[in-house]
Amino acid sequence: RIREKSIPVDIVTIEDVVKGFFWESKGSRFAVITSDEQGIKPKLLIFSLGKEKAEAVAGFDLPSNSFNRVIWAPEGQYFVVA
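### Overview of the packing of aromatic side chains
Part 1 of the reasoning: Considering all chains together, one arrives at five aromatic pairs under this definition.
Part 2 of the reasoning: Taken together, a centroid distance of 5.0 Å and an interplanar angle of 35° make the contact between F21 and F30 tilted.
Part 3 of the reasoning: When the centroid spacing of 5.1 Å and the interplanar angle of 15° are considered together, the rings of F30 and F47 count as stacked. Taken together, the residues F30 in strand 2 (residues 29-35) and F47 in strand 3 (residues 42-49) connect sequence positions 17 residues apart.
Part 4 of the reasoning: Grouping aromatic residues by their ring pairs yields a cluster made of F21, W23, F30 and F47.

Pasting the structure below:
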């Protein structure tokens, strides 16, 4: 079904290990929590879906591995990392 002409498909390449994937409640963004292969350097990456492709809009180094969830506000726009 994904190969049909009317269904857009985009590929986002992430070099690190993905620990979590979180869609924005209302909107076109998603967040990904990653870490390097040793699990030492956690990161938060924010992507936005454009008309042509998904683009990285922000990236943050997290201070510890205890962060494992992104909670978006019900109306979107804001989020909390816990």
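### Digging into the sheet that holds strand 4 (residues 54-61)
Part 1 of the reasoning: Taken together, the four strands give an open sheet; going across it, the order is 1-2-3-4, and neighbouring strands pair in antiparallel fashion. Single-partner strands in this sheet number two, and they are strand 1 (17-23) and strand 4. Across the sheet, the mean angle separating the axes of adjacent strands is 20° when strand polarity is ignored.
Part 2 of the reasoning: Bridge count between strand 1 and strand 2: six bridges; the pairing is antiparallel. Counterpart to W23 in the pairing with strand 2 is F30.

Definitions and cut-offs
Residues numbered from 1 in each chain as written. Predicted model: local features only at pLDDT ≥ 70, side-chain atom pairs only at ≥ 80, totals over all residues. Heavy atoms only, no water. Phe/Tyr/Trp six-rings, centres within 6.5 Å; stacked < 30°, edge-to-face > 60°. Helix = DSSP H or I, 4+ residues; strand = E, 2+ residues; numbered from the N terminus. Pairing = 2+ DSSP bridges. Axes fitted to C-alpha atoms, helices over the stretch in contact; angles between N-to-C directions.

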